Amino acid sequence: MDRIGKLQKMMRDRGIDYVIIGPTSNMFYLTNFSEEQMERPLFFVVSEGHFYFLAPKLYEEQLSKYNFEINSYADGEDPYSKMDLKKNSVIAIDDQLWSVFTINLIRKFNPSNLIPASSLLKELRMRKDDDEINIMKEGLKIAENSFLQFLNDIKEGSSECKLADRLEEIFKENGADGVSFKTILTSGPNTSMPHLRCTERKVRRGDVIIVDFGIKYRGYCTDTTRVVSLGNPSDEVKKIHEIVLNAQEAAERAKNGMKGKEIDSIARGIIAKAGYSQFFIHRTGHGIGIDVHEDPYISQDSEQVIEKNMTFTIEPGIYLPGKFGIRIEDMVVMGEKEAMPLNKLRKEIYAI
């Protein structure tokens, strides 16, 4: 059954009359069409026996190649009059749709119940098909080869942001469609802040450098983190790296049927046993696909059962404020029995 057919079955089972999707990753998942949200309504509407685009006329030709019905409207027309929604219906609406559009839909159609579309779409999107997994593998090859090429550009005196920009240039040169998130590249004491993107700090001899990078390729994301050292790493850096690596590889061997919180506890337990529990300050991983962060989440409170073909990251870390941080991250897919890494890149400290 195709994706829209599966969604319609879920709608019937749950008593949902309409699903309204905006120009988000959900629209790409259902239609393969990708666009950013603008001030004009652009929706994909699904009911039990009907689905169509509601779109401004300026998108007509662009959308025609996707072979969906198009209800178009001109500037000055009421776009909502082109929708065949019955009042007092149950509507599932895209979580990321702009609030002004949601307000207008409520005013126009007065739904009896309004629910987030993620309650349906996340169940479909969590389980990747073979094509999706193969696309992510192809994206990882580009990302990893780019990282290895980039190591030659890391020079003492270069700023973190200059280096991050250079890595993103290499991604594009090697065939990436873009980045899945703004590259995180930090050095020295800045590495103890997990989501600091980059600064004008210049890397220097003896620094540990964290490179957290990902690309967009054919609509799907990658996400990888590796540790670099400018010169030989200190004994303390090597010690923390070994602890994090042990935690990361143990959690990567997660079994089919485990809950997200059980996988998280594997990595967290190893770091706690080593005496660094207070320095592991984020979840162990997150789902990945069209969005770089999506279900399922590998966190302390996740009751989600991890099943075959779910793709997610394993990325424990230890962060010593004012000193340095270490994080190692791979993407994995759950197999018939256990998780399988999608990355091929070695997890050593890359000493330059």
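Reading guide: rules and limits
Every chain is numbered independently, its residues counted from 1 as its sequence is written. In view of the model being predicted, local features appear only for residues whose pLDDT reaches at least 70, and side-chain atom pairs are presented and counted only at 80 or more, with totals across whole chains, interfaces and linings using the full set of residues. Derived side-chain values reflect all non-hydrogen atoms in the structure, with water molecules and hydrogen atoms excluded from consideration. Comment: axis = line fitted to C-alpha atoms, over the contacting stretch for helices; angle = value between 0 and 180 degrees taken between N-to-C directions. Secondary structure is summarised from DSSP: a helix means a run of H or I of at least four residues, a strand means a run of E of at least two, and numbering begins at the N terminus for each. Each angle is binned into one of four classes, with values under 35 degrees roughly parallel, values over 145 roughly antiparallel, values of 65 to 115 roughly perpendicular, and all other values oblique. In this scheme, a crossing is called left-handed if the near helix is turned counterclockwise away from the far one by less than a right angle; it is called right-handed if the turn is clockwise. Whether two residues are in contact is decided by their heavy atoms: any pair within 4.5 Å suffices. Two strands pair if DSSP finds at least two bridges between them. In this description, a nonpolar core means a group of buried Ala, Val, Leu, Ile, Met, Phe, Trp, Tyr and Cys residues linked to one another through side-chain atoms lying within 4.5 Å. Throughout, exposure labels follow a simple rule: accessible area from a 1.4 Å probe, protein chains only, divided by the maximum for the residue type, with under 20% read as buried, over 50% as exposed, and the rest as partly exposed. N or O atoms closer than or at 3.5 Å make up a polar contact, with two conditions inside protein: a donor-capable atom paired with an acceptor-capable one, and, for residues adjacent in sequence, both atoms drawn from side chains. Pairing of aromatic side chains requires ring centres within 6.5 Å, counting the rings of Phe and Tyr and the six-membered ring of Trp. Pairs whose planes differ by under 30 degrees are stacked, by over 60 edge-to-face, and all others tilted.

Participant: Just checking my understanding: could you explain the packing of helix H8 (residues 235–252) against helix H9 (residues 260–273) for this structure?
Facilitator: The contact between H8 and H9 brings their axes to 8 Å, and the two run at 160°. Here H8 lies roughly antiparallel to H9, going by the angle between them. For H8 against H9, the interelement crossing comes out right-handed. Between H8 and H9, the contacting residues are Ile243, Asn246, Ala247, Ala250 and Ala251 on the first element and Ile263, Ile266, Ala267, Ile270 and Ile271 on the second.

Participant: Just to check I follow, could you spell out the sheet that holds strand E8 (residues 184–187) for this structure?
Facilitator: In any sheet, the strands associate via hydrogen bonds between backbone groups, in a parallel or an antiparallel arrangement. With mixed pairing, four strands are arranged side by side in an open sheet as E8-E9-E12-E20. Looking at the sheet topology across the chains shown, the edges are occupied by E8 and strand E20 (350–351). Examined bridge by bridge, strand E12 (residues 224–229) and E20 share two bridges and lie parallel to one another. Within the sheet, the bridge partner assigned to serine 229 lies in E20 and is alanine 351. Docked against the sheet, helix H7 (residues 160–173) engages E8 and strand E9 (208–213), running at close to 145° with respect to E8.

Participant: Can you help me understand the nonpolar core in this one?
Facilitator: If you look at soluble globular proteins, the nonpolar side chains tend to sit buried side by side. Formed by 62 residues in total, the largest nonpolar core has its most connected members in Leu7, Val19, Phe44 and Leu121. Counting 31 residues, the second-largest nonpolar core is a separate cluster that includes Ala254, Ala267, Phe312 and Ile314.

Participant: Just to check I follow, could you spell out the sheet that holds strand E10 (residues 215–217) for this structure?
Facilitator: Spatially, the three strands line up as an open sheet ordered E7-E10-E11, and their pairing is antiparallel. Each end of this open sheet is capped by a strand with a single partner; those strands are strand E7 (178–179) and strand E11 (220–221). As defined by bridge partners, E10 adjoins E11 across two bridges and the pair is classed as antiparallel. Bridged to tyrosine 217 within E11 is tyrosine 220.

Participant: How should the side chain of serine 192 be read in this particular structure?
Facilitator: Within the secondary structure layout, serine 192 lies in the loop between E8 and E9. Taking the relative accessible area as the measure of exposure, serine 192 reaches 11% and is therefore buried. One polar contact links the side chain of serine 192 to the main-chain carbonyl oxygen of proline 189, over a distance of 3.0 Å. Ignoring anything within four residues of it in the chain, the contact list for serine 192 reads Tyr319, Leu320, Pro321, Gly322, Phe324 and Gly325.

Participant: Help me understand the pairing of strand E2 (residues 43–47), please; the structure alone is not making it clear to me.
Facilitator: The side chains of a regular strand alternate, residue by residue, between the two faces of the sheet. Burial analysis of E2 places five of its five residues in the buried class, the great majority of the element. The pairing of strand E1 (residues 18–21) with E2 spans three bridges and is classified as antiparallel. Following the sheet pairing, isoleucine 21 is matched in E2 by phenylalanine 44. Strand direction decides the pairing type here: E2 and strand E3 (residues 50–56), joined by five bridges, are antiparallel. If you follow valine 46 over to E3, its bridge partner there is phenylalanine 51. Count of turn residues in the E2/E3 antiparallel hairpin: two residues.

Participant: Looking at this structure, how should I read the packing of aromatic side chains?
Facilitator: Given two aromatic rings, their pairing is described by the distance between the two centres and the angle made by the two planes. According to the stated counting rule, one finds 16 aromatic pairs in the structure shown. Measuring from ring centre to ring centre gives 6.4 Å for phenylalanine 33 and tyrosine 59, while their planes differ by 85°; the resulting arrangement is edge-to-face. Separated by 26 residues along the polypeptide, phenylalanine 33 in the loop between helix H2 (25–31) and E2 and tyrosine 59 in the loop between E3 and helix H3 (60–64) bring together distant segments of the chain. Summarising the burial analysis for this pair, phenylalanine 33 and tyrosine 59 share the class buried. Centroid distance phenylalanine 44 to phenylalanine 68: 5.2 Å. Interplanar angle 75°. Geometry classified as edge-to-face. With phenylalanine 44 in strand E2 and phenylalanine 68 in the loop between H3 and strand E4 (69–73), this residue pair connects regions lying 24 residues apart in the sequence. What makes phenylalanine 68 buried here is its relative accessible area of 18%.

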